[in-house]
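# Inside the fold
Listed here are the chains, written in short residue letters.
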Amino acid sequence: MSPDPIGPVDASTRPRFADIATFARLPRLDQVEHADIAVVGVPFDSGVSYRPGARFGPAHVREASRLLRPYNPAQDVHPFAVQQVADAGDIAANPFDISEAVAAIEAAARELTRGGTRLVTIGGDHTIALPLLRVAAEREGGPVAVVHFDAHLDTWDTYFGAPVTHGTPFRRASEEGLIDLEASLHVGIRGPLYGKDDLRDDERLGFAIISSVELETEGLARAIERMHARLGDRPVYVSIDIDVLDPAHAPGTGTPEAGGLTSRELLAMVRALGEHRLVGSDVVEVAPAYDHAQLTAVAASHVAYELISAMAP
């Protein structure tokens, strides 16, 4: 019989600001027999095209996560009591070689998920979604539905001739057959594009879009309905670029765009994903150098918490 899950440190007996920060003050992976969910950092941002700094995102989010509590009333679940969640530390990747870094992330993710563990990954830039999707699709034996929260499509072809950057992971993933072409979508897309061909390419690569403008005009409830209809009963991988939030809610990111979602809207949509079978997730592009008063880190830590809650049995 499996032992009861080990939960967070009790904040009523040991101050939240004490000790080395693990996510939500959870045990480390080496302190538990098995983890149903592992929170793992990937401090890599060599794929960025504008402002760097997301390599410091995992530590920043862990610090903000000290304030998380063990019961989630919005989802009516004790996410750390019904499943073993542990902090797996960071995946170290070469900051000078993207190809080598992607291979290292893929190998580490494969090892972490070997016993059926699912990952909630904290980036790092969005480049890391490609190796994580390779492992998720491999584990599922075929393509997975991707719900991608972002201001940007991230299905462009190359930057300066480089095929793997934070603006290209979902194009490469689609080309590799990792994405369910009938069930994947972007949420929160907004801002200028290079041209109409960006949208045509994106549709061909397998994505529907719920834009930030549509979310405003149609409302949150309708956006959630559309998301459910698109995902259906497929296994779902969730990828969240924190810049899906308006800069008022998440200033600490590399490529901010005006007119984004509120924290409340994003959290509601993540909670709604509890109706689906989530096989993995990432929260990326938190860049603390541009953050203020931990606004971005607080948002990202709560997003990760809601993902963990949505994965609960």
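See above for the structure.
Residues numbered from 1 in each chain as written. Predicted model: local features only at pLDDT ≥ 70, side-chain atom pairs only at ≥ 80, totals over all residues. Heavy atoms only, no water.

## Details of the environment of Pro288
- Inspection of the secondary structure assignment puts Pro288 in the loop between strand S8 (278–284) and helix H9 (295–310).
- In this structure, the C-alpha to C-alpha distance between Pro288 and Phe56, residues 232 residues apart in sequence, is 6.6 Å.
- With near-sequence residues (within four places) excluded, Pro288 lies in contact with Gly53, Phe56, Gly57 and His60. (Helix = DSSP H or I, 4+ residues; strand = E, 2+ residues; numbered from the N terminus. Contact = heavy atoms within 4.5 Å.)

## Description of the nonpolar core
- Counting residues in each nonpolar core, the largest one holds 49 residues, and the members touching the most others are Phe23, Val147, Phe149, Met227, Val238 and Leu266.
- Setting aside residues up to four positions removed in sequence, Leu266 forms contacts with Phe149, Ile240, Val244, Leu245, Leu261 and Val303.
- Among the nonpolar cores identified, the runner-up in size contains 31 residues, and Phe44, Ile105, Leu132 and Val146 belong to it. (Core = buried A, V, L, I, M, F, W, Y, C linked by side-chain atoms within 4.5 Å. Buried < 20%, exposed > 50% of the residue type's maximum accessible area, 1.4 Å probe, protein only.)

## A short note on the packing of helix H2 (residues 98–112) against helix H3 (residues 129–140)
- Relative to each other, H2 and H3 sit at 35°, their axes nearing to 8 Å. In this structure, H2 meets H3 at a crossing whose hand is right-handed. Listed contacts from H3 to Val102, Ile105, Glu106, Ala109 and Arg110 of H2 are Pro131, Leu132, Arg134, Val135, Glu138 and Arg139.
- Tallied by class, the residues present in the contact of H2 with H3 amount to six nonpolar, no polar and five charged. (Axes fitted to C-alpha atoms, helices over the stretch in contact; angles between N-to-C directions. Left-handed = near helix turned anticlockwise from the far one by under 90°. Nonpolar A, V, L, I, M, F, W, Y, C, P; charged D, E, K, R; others polar.)

## Section: unusual backbone geometry
- Residues Gly123 and Gly124 are joined by a peptide bond in cis, for which omega reads 15°.
- One can find Gly124 in the loop between strand S3 (118–123) and H3.
- Even without being glycine, Asp19 reaches a positive phi, approximately 75°.
- Following the sequence through the fold, Asp19 ends up in the segment before strand S1 (37–42).
- Unusually for a residue other than glycine, Ala24 sits at a positive phi of about 55°.
- Note on placement: Ala24 falls in the segment before S1.

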